[in-house]
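Each chain is listed here by its residues.
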Amino acid sequence: MFEIEYIFREEDLIHFNEVQLQQNDEVLNNIRKNRLVFPGALVIIGIFYYLYYGDMMTAAYISSIAILWALLSPKIMLLDMRRQIMKNYTEKEKADMFGRYTLKIEPDHLLEISPSGKHKMPWNELIRVEQEDEHYVYIFISLNTALVIPAKTVKKGKLKEFAEQVQSMIDRKS
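The shown structure was predicted, so the numbers you read here are calculated from the model rather than taken from an experiment.

Participant: Break down the overall build of the protein chain for me, with residues and values.
Facilitator: Counting its secondary structure elements, the protein chain contains five helices and eight strands. Going from N to C terminus, the protein chain has its helices and strands arranged as β-α-α-α-α-β-β-β-β-β-β-β-α. Against the 2.2 N^0.38 benchmark of 16 Å for 174 residues, the protein chain shows a C-alpha radius of gyration of 23 Å, more extended than a compact globule. Overall size of the protein chain, expressed as C-alpha extent along the three principal axes, is 75 × 35 × 25 Å. Burial status across the protein chain gives 34% buried among its 174 residues. Pairs at least 24 apart in sequence give 57% of the contacts found in the protein chain among residues at least 6 apart. Of the roughly 11000 Å² that the protein chain leaves accessible, carbon and sulfur atoms contribute 57%. Charged side chains of the protein chain number 22 positive and 24 negative; the gap between the two group centres comes to 2 Å.

Participant: If you had to explain the pairing of strand S7 (residues 146-150) to someone new, which residues and values would you point to?
Facilitator: Looking along a regular strand, one sees the side chains alternate between the two faces of the sheet. Where burial is concerned, most of S7 is hidden: five out of the five residues are buried. Taking every second residue as pointing to the same face, both faces of S7 are buried, with Ala146, Val148 and Pro150 on one and Leu147 and Ile149 on the other. Bridge count for strand S6 (residues 136-140) against S7 is five bridges, and the pairing is antiparallel. Paired with isoleucine 139 across the bridge in S7 is leucine 147. Here S6 hands over to S7 after five residues, the two strands then running antiparallel side by side.

What counts as what
- Residues numbered from 1 in each chain as written.
- Predicted model: local features only at pLDDT ≥ 70, side-chain atom pairs only at ≥ 80, totals over all residues.
- Heavy atoms only, no water.
- Helix = DSSP H or I, 4+ residues; strand = E, 2+ residues; numbered from the N terminus.
- Rg over C-alpha atoms; globule rule 2.2 N^0.38 Å.
- Buried < 20%, exposed > 50% of the residue type's maximum accessible area, 1.4 Å probe, protein only.
- Contact = heavy atoms within 4.5 Å.
- Areas by Shrake-Rupley, 256 points an atom, 1.4 Å probe, with all protein chains shown as cover.
- Lys, Arg positive; Asp, Glu negative; His and termini not counted.
- Charge placed at Lys NZ, Arg CZ, Asp CG, Glu CD.
- Pairing = 2+ DSSP bridges.

Dropping the structure here:
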């Protein structure tokens with residue numbers, strides 16, 4: 001049977017959640033609004049100061065703040081999201097989540113051996129396999145939950161072949 005062994009880290013969890021958030025239309029709309037509406041209002045105020053008062057320096061300061069806001073606010077929002085993601089987990093949950101994982105393909109299920117113990121996942125309960133570039137493979141357990149396999153930390157097995165075999169088992173059993 002196919003088997004893969006890898007290490008799941010905090011940065012892998014954060015990366016998966018960021019990818020999920022970046023595919024969420026509501027989050028993308030909030031980032032766009034934050035990036036455009038407030039700086040746009042500041043630019044209008046800057047233009048008003050320049051045209052009405054003739055104050056070029058104040059208009060330049062306000063416009064500079066608008067440009068900085070437009071450039072930096074998405075990065076600040078991502079940092080805040082990362083902090084919020086990790087805040088959702090207790091120390092015990094983190095200890096059970098991070099560490100060495102072994103996944104084995106068996107005829108009736110996918111066997112996961114993780115820091116929290118052994119888990120059998122029947123093939124008909126798994127949704128799909130996605131490969132992001134050559135850095136990550138996601139085995140989706142539900143619409144927003146997945147086993148995240150980082151290519152960097154694979155210790156045993158071939159990730160691409162394993163992912164293809166898992167997808168074929170999901171297709172065959174569903």
